[in-house]
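Remarks on the overall topology
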Amino acid sequence: MESKTSSSTVLLALAILIVIFQMASAGDPDILTDFVMPLEVTSVDASYFTFSGLRDLVGASSPDKFKVTKASMVEFPALNGQSVSYAILQYPAGSVNPFHTHPRASELLFLVSGTLQVGFIDSTNKMFNQTLQTGDVFVFPKGLVHYQYNADGNNCAWAISAFGSANAGTVSVPNSVFNTSIPDNILAKSFKTDIMTIQKLKAGLA
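Residues numbered from 1 in each chain as written. Predicted model: local features only at pLDDT ≥ 70, side-chain atom pairs only at ≥ 80, totals over all residues. Heavy atoms only, no water.

**Quick notes on the nonpolar core**
Among the nonpolar cores identified, the biggest contains 17 residues, and L89, Y91, L109, L111, L116 and L132 are the most heavily contacted of them. Broken down by secondary-structure element, the contributors of at least two residues to this core are β2 (85–91), β4 (107–113), β5 (116–121), β7 (137–140) and β9 (157–163). The residues contacting L89, other than those within four sequence positions of it, are F66, K67, V68, E107, L109, Q148, A157, W158, A159 and S161. (Core = buried A, V, L, I, M, F, W, Y, C linked by side-chain atoms within 4.5 Å. Buried < 20%, exposed > 50% of the residue type's maximum accessible area, 1.4 Å probe, protein only. Helix = DSSP H or I, 4+ residues; strand = E, 2+ residues; numbered from the N terminus. Contact = heavy atoms within 4.5 Å.)

Structural data, given as structure tokens:
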């Protein structure tokens, strides 16, 4: 009986280690070729490795609300298998990039202009926040909830973010919680409030 229990314990421990390893190594898979071409394509030239989708941002005026322009595998197929992508972030005065996560990559943000309040929350619920000045770089660890806020009431802030994945993914915390089919009564109990408050929050995100 003791032997069976011991064996079960070992198997359980191995299973847990496998899950932890898979979580720790989650990300873009290694490729066995120099680069990945679309299935229907047999050859490419230098234009395949060139992305011009950010040209319109050069000299552009500030948008009316927070805007992100991506250069990920979706927009730029040559990034497939390269474990890297970009995003240009524009923050009009007083705008926020709400709480969100990137499940497949860390984010390295470079503040090109303006000031920006940024922060993330680790797995112990500890907040790490900082006010960035032009030229500063800040890293958001993979999978952790984070935000950016332009507290300047007069000037736009611009930032460039690099990701360690061709498709980092973005999960919006407000939308995931309040714009899904989670029943209002469960949300109310989870946030220790009443259903009417939950419904007002949902209406505010609509």
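Moving on from the coordinates now.
**Quick notes on the side chain of S85**
Positionally, S85 belongs in strand β2. One polar contact links the side chain of S85 to the main-chain carbonyl oxygen of S165, over a distance of 2.7 Å. In this view, S85 contacts A71, S72, L79, S161, A162, F163, S165 and A166; residues no more than four positions away in its chain are not counted. (Polar contact = N/O pair within 3.5 Å; in protein donor to acceptor, adjacent residues only side chain to side chain.)

**Concerning the sheet that holds β4**
Strands sit in the order β1-β2-β9-β4-β7 across an open sheet of five strands; the sheet is antiparallel. Both edges of this open sheet fall to β1 (67–71) and β7, since each of them pairs with a single strand only. Here the average twist between neighbouring strands, direction ignored, is 20 degrees. Across five bridges, β1 lies against β2 in antiparallel orientation. Within the sheet, the bridge partner assigned to A71 lies in β2 and is Y86. (Pairing = 2+ DSSP bridges. Axes fitted to C-alpha atoms, helices over the stretch in contact; angles between N-to-C directions.)

**Remarks on the pairing of β4**
Bridge count between β4 and β7: four bridges; the pairing is antiparallel. By the bridge assignment, L108 is partnered in β7 with V139.

**Observations concerning unusual backbone geometry**
For residues besides glycine, phi is generally negative; the peptide bonds are generally trans as well. A positive phi angle, near 60 degrees, is found at S83, a position not held by glycine. Structurally, the position occupied by S83 is in the loop between β1 and β2. Positive phi is not limited to glycine here, since N125 has a value of about 70 degrees. Note on placement: N125 falls in the loop between β5 and β6 (127–132).

**Considering the pattern of salt bridges**
Summed over the entire model, instances satisfying the criterion amount to one salt bridge. Here K202 ties to D184 by a salt bridge, and the two come within 2.5 Å at their closest N and O atoms. Within this pair, whereas K202 is found in helix α4 (residues 195–205), its partner D184 is found in helix α3 (residues 184–190), the two being separated by 18 residues in sequence. (Salt bridge = Lys/Arg side-chain N within 4 Å of Asp/Glu carboxyl O.)

**Description of the sheet that holds β6**
Strand pairing in a sheet relies on backbone hydrogen bonds, with the paired strands running either antiparallel or parallel. Overall, antiparallel pairing links the five strands, which are arranged β6-β5-β8-β3-β10 in an open sheet. Edge positions in the sheet fall to β6 and β10 (171–172), since each has one partner strand and no second. Both β5 and β6 contribute to a ladder of six bridges, which runs antiparallel. Across the sheet, L116 pairs through a bridge with L132, a residue of β6.

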